Amino acid sequence: MSSAHPPSQTVSSHAPEFTSEPTLFIATLSPEGICYEANPAWEELFGRLAAPWQRLSREDQLRFRELLAQAAQGQRILHEVLMLQLPGRDEPVPALFNLIPVRLPTHGEEPVALVVTVELLGEPSSLTYSQNQRHRLETLGRMALGIAHDFNNLLMTFLGHLDLLRRSLPPEAASEEVTHHLKALERAARDGAALMRKLQEYVRQEKPTALEAIDLPALLEECLMLTRPYWYNEPRRQGIDIRVETQLEPVPPVRGIASELRQVFTNLILNAVQAMPQGGTLRLETAFDEKRGVIVRVSDTGIGMPESVRRRIFEPLFTTKPEGSGMGLAIVAGIVREHEGTIEVESAPGEGTTFTLYFPPAEAPEHAPATMQEEAPVPPVRVLLVDDEPGVRNVLTRLLALHGHTVVQAASAAEALAHLGREAFDIVFTDQGMPEVSGVELARQIRARYPQLPIVLITGDTEVRAERGLIDAMLQKPFRLEALAQVIRRLCGRRAS
């Protein structure tokens with residue numbers, strides 16, 4: 001912040017038409033915004049303008065007029081941050097505005113003037129610095145997308161081998177405990193994949209993942225299992241007894257993203273545990289009300305909170321914990337709103353806390369099939385599998401072999417085209433993110449030479465642009481064997497190999 005520098009510090013070193021030395025811009029305005037007096041820095045930046053809003057964005061212009069009206073009524077306006085466009089700058093600079101009403105004994109409580117001060121905040125020392133910062137952020141974004149791509153490949157390999165392990169276990173070895181651990185591993189991997197999708201969507205500013213129907217009682221049971229070390233193992237090691245009670249009544253499913261709702265309830269459970277340092281009872285309930293929808297309650301018998309804290313509990317950056325960031329419950333409230341729900345909290349010192357969440361039930365499909373028809377098996381087909389990652393190629397080859405398919409591997413587009421020139425295939429699976437030639441470009445070359453050959457694009461990315469008719473299907477990494485079987489059944493079910 002510029003307030004850390006002495007008044008003689010130069011405000012700008014990269015705009016020759018703006019060379020004023022002082023860092024504080026001061027003016028006296030009438031309550032209507034007419035400039036009476038101003039220091040030289042103000043005059044150089046704003047001129048004798050009616051008010052400085054001409055150098056603000058349209059949104060901040062409206063905000064400044066609101067602040068001016070409030071100050072004209074006698075209200076002190078302190079530390080308002082608005083974006084200011086400086087001469088010779090491409091990017092606006094944040095500035096701290098203060099509006100102080102000036103009163104005279106002869107005029108009662110009504111201000112006769114307003115003292116306005118403007119202080120630049122965090123102004124880049126040079127345009128080169130600003131451009132470098134922007135370049136670094138863009139590079140960081142590209143790195144994040146690359147990490148997400150590599151991580152999805154790792155998850156694909158992990159889930160593939162997990163699928164193979166599950167299928168190779170003899171019946172006597174597939175105990176309830178082993179099955180439980182396998183499901184937990186798969187769930188953790190899928191949550192990791194969901195996290196990568198959120199990262200990709202955030203970097204690209206994409207819309208969230210499509211919603212699905214979620215059974216909240218089952219999800220809450222998962223959250224209790226995931227958080228067991230926090231409410232059972234660790235407290236007992238310290239001699240603390242935390243009891244868990246559940247009343248998870250069957251309720252209609254809700255539309256949402258399971259990983260995000262899991263984050264909501266995990267956060268609430270951990271908060272409840274932290275609120276019971278001497279032990280107590282954690283209770284989870286579900287219910288359904290025709291008017292308010294699906295209801296979830298997470299309550300504890302802990303220390304509770306005063307009304308002053310309860311009112312602000314969902315504010316960003318507000319926290320009562322010395323090590324807290326103040327974002328946990330703000331994120332919880334944001335996720336609930338994204339799911340078209342509401343969240344309420346009841347608490348009092350010494351009486352515990354109850355969070356109550358309301359979600360609209362998912363609409364039932366209009367035409368649900370009465371019975372599920374057994375899908376006919378697909379005759380074995382010849383598959384050309386193109387991926388530059390050996391681990392992904394090998395695990396997909398083994399998964400496809402479980403259904404009797406013959407797989408020929410290719411590590412690059414050139415190798416794939418060479419195989420196509422020598423052999424006949426029923427379907428092509430190609431990765432999108434390959435060096436030199438992408439999956440989409442390979443699909444264009446295959447389509448030009450073999451227009452009837454089905455092409456499936458495999459990708460760990462959320463943004464793939466391909467012209468209509470170029471690819472026949474797309475699989476998002478990581479996926480399970482069932483997804484492979486379904487796409488082969490759909491595209492090759494009528495083709496005999």
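A quick note: this is a predicted structure, and the numbers were derived from the prediction, not measured.

### Topic: the overall build of the protein
The helix and strand tally for the protein stands at 13 helices and 17 strands. Pairs at least 24 apart in sequence give 63% of the contacts found in the protein among residues at least 6 apart. Surface accessibility of the protein: about 27300 Å² in total, with carbon and sulfur atoms responsible for 54%.

### Observations regarding the sheet that holds strand S5 (residues 113–120)
Taken in spatial order, the 5 strands of this open sheet run S2-S1-S5-S4-S3, and their pairing is antiparallel. The outermost strands of the open sheet, each flanked by one partner alone, are strand S2 (35–38) and strand S3 (77–84). Averaged over neighbouring strand pairs, the angle between their axes works out to 25° when direction is ignored. By the bridge criterion, 6 bridges tie strand S1 (residues 24–29) to S5 in an arrangement that is antiparallel. Opposite Leu24, over in S5, you have Glu119 as the bridge partner. Across the face of the sheet, helix H2 (residues 58–72) comes into contact with S1, S3, strand S4 (93–102) and S5 while running at roughly 160° to S3.

### Considerations on unusual backbone geometry
Positive phi, normally seen in glycine, also occurs at Glu340, with a value near 60°. Inspection of the secondary structure assignment puts Glu340 in the loop between helix H9 (328–338) and strand S11 (342–347).

### A closer look at empty space enclosed by the protein
If you walk through the whole model with that rule in mind, you get 1 cavity of 30 Å³ or more. Volume-wise, the largest cavity comes out at about 30 Å³. Along the walls of the largest cavity sit Leu159, Leu162, Asp163, Arg166, Glu186, Arg190 and Arg480, which together make up its complete lining. Here the residues of the lining of the largest cavity sort into 2 nonpolar, no polar and 5 charged.

### Some remarks on the packing of aromatic side chains
Under the criterion given, the structure shown has 2 aromatic pairs. Considering the side-chain rings of Phe64 and Phe97, the 5.6 Å spacing of their centres and the 70° angle between planes classify their relative orientation as edge-to-face. You can see Phe64 sitting in helix H2 and its partner Phe97 sitting in strand S4, a full 33 residues away along the chain. Note on accessibility: Phe64 and Phe97 belong to one class, buried. With a centroid separation of 6.1 Å and 75° between ring planes, the pair formed by Trp231 and Tyr232 is classed as edge-to-face. On the basis of relative accessibility, which here comes to 32%, the residue Tyr232 falls in the partly exposed class. Here Arg228 stacks its cationic end above the ring of Tyr232, 4.1 Å away from the centre of that ring.

### A closer look at the packing of helix H10 (residues 390–401) against helix H13 (residues 481–492)
The N-to-C vectors of H10 and H13 enclose an angle of 65°; their axes lie 10 Å apart at closest approach. As H10 runs across H13, the sense of the crossing is right-handed. Contacts from Leu396, Leu399 and Leu400 in H10 reach Leu481, Leu484 and Ile488 in H13. Classifying every residue of the contact of H10 with H13 by side-chain character gives 6 nonpolar, no polar and no charged.

### Let's talk about the packing of helix H5 (residues 216–226) against helix H6 (residues 228–237)
Remark: H5 packs on H6, axes separated minimally by 5 Å, with the N-to-C direction vectors making an angle of 40°. Here H5 contributes Leu224, Met225 and Leu226 to the contact with H6, which in turn contributes Arg228, Pro229 and Trp231. Classifying every residue of the contact of H5 with H6 gives 5 nonpolar, no polar and 1 charged.

### Structural notes on the side chain of His339
Along the chain, the position of His339 falls in the loop between H9 and S11. Reaching out from His339, the side chain makes a polar contact with the backbone oxygen of Ile335 at a distance of 2.8 Å. Here His339 is in contact with Arg255, Gly256, Ile257, Glu260, Leu261, Phe359 and Pro360, once residues within four sequence places are set aside.

### Regarding the pattern of salt bridges
Applying the stated rule across the entire model yields 13 salt bridges. A salt bridge links Asp241 to Arg243; the shortest N-O distance between them is 3.2 Å. Judged by its relative accessible area of 42%, Arg243 falls in the partly exposed class. Between Arg310 and Glu307 there is a salt bridge; the shortest N-O distance is 2.8 Å. One end of the pair is Arg310 and the other is Glu307, both in helix H8 (residues 307–310) and 3 residues apart, which spans about a single turn. A cluster of three or more residues bridged by salt bridges with shared partners is formed by Arg63, Glu66 and Glu80.

### With respect to the nonpolar core
One finds Leu216, Phe265, Leu268 and Leu357 to be the most contacted residues of the largest nonpolar core, which totals 39 residues. Elements supplying a minimum of two residues to this core: H5, strand S7 (242–248), helix H7 (258–274), strand S9 (280–289), strand S10 (293–300), H9, S11 and strand S12 (353–359). No other element matches the 8 residues that H7 contributes to this core. When sequence neighbours within four positions are dropped, the list of residues in contact with Leu268 reads Val298, Leu329, Val332, Phe355 and Leu357. With 27 residues, the next largest nonpolar core counts Cys35, Trp42, Leu82 and Val118 among its residues.

### Some remarks on the sheet that holds strand S15 (residues 427–431)
If you trace the 5 strands from one edge of the open sheet to the other, you get S14-S13-S15-S16-S17, paired in parallel fashion. Bordering the open sheet on either side are strand S14 (406–410) and strand S17 (473–476), each of which pairs with just one other strand. The average undirected angle you get between the axes of adjacent strands in this sheet is 20°. Alignment of strand S16 (residues 455–459) against S17, held across 4 bridges, turns out to be parallel. Counterpart to Ile458 in the pairing with S17 is Leu475. Across the face of the sheet, helix H12 (residues 439–449) comes into contact with strand S13 (382–386), S15 and S16 while running at roughly 175° to S16.

### Some remarks on the pairing of S14
The side chains of a regular strand alternate, residue by residue, between the two faces of the sheet. Pairing of S13 with S14, which is carried by 5 bridges, proceeds in the parallel orientation. Within S14, the position partnered with Val383 by the bridge is Val407. Each parallel crossover has a hand, and for S13 linked through H10 to S14 it is right-handed.

### Some remarks on helix H11 (residues 413–422)
All of the buried residues along H11 are Ala413, Ala416, Leu417, His419 and Leu420. The arc that holds every buried residue of H11, seen down its axis, measures 160°, which confines them to one face. Away from its buried face by more than 90 degrees, H11 exposes Ala414, Gly421 and Arg422. The inward-facing, buried residues of H11 abut S13, S14, S15 and H12.

Conventions we followed
- Residues numbered from 1 in each chain as written.
- Predicted model: local features only at pLDDT ≥ 70, side-chain atom pairs only at ≥ 80, totals over all residues.
- Heavy atoms only, no water.
- Helix = DSSP H or I, 4+ residues; strand = E, 2+ residues; numbered from the N terminus.
- Contact = heavy atoms within 4.5 Å.
- Areas by Shrake-Rupley, 256 points an atom, 1.4 Å probe, with all protein chains shown as cover.
- Pairing = 2+ DSSP bridges.
- Axes fitted to C-alpha atoms, helices over the stretch in contact; angles between N-to-C directions.
- 1 Å grid on protein atoms, 1.4 Å probe; cavity = no way out; pocket = protein on both sides within 12 Å on 5 of 7 lines; lining within 4 Å.
- Points joined across faces, edges and corners; volume = space filled by probe spheres on them.
- Nonpolar A, V, L, I, M, F, W, Y, C, P; charged D, E, K, R; others polar.
- Phe/Tyr/Trp six-rings, centres within 6.5 Å; stacked < 30°, edge-to-face > 60°.
- Buried < 20%, exposed > 50% of the residue type's maximum accessible area, 1.4 Å probe, protein only.
- Lys NZ or Arg CZ within 6 Å of the ring centre and 35° of its normal.
- Left-handed = near helix turned anticlockwise from the far one by under 90°.
- Polar contact = N/O pair within 3.5 Å; in protein donor to acceptor, adjacent residues only side chain to side chain.
- Salt bridge = Lys/Arg side-chain N within 4 Å of Asp/Glu carboxyl O.
- Core = buried A, V, L, I, M, F, W, Y, C linked by side-chain atoms within 4.5 Å.
- Right-handed = clockwise from strand over helix to strand, strands pointing away.
- Arc of directions from axis to C-beta.

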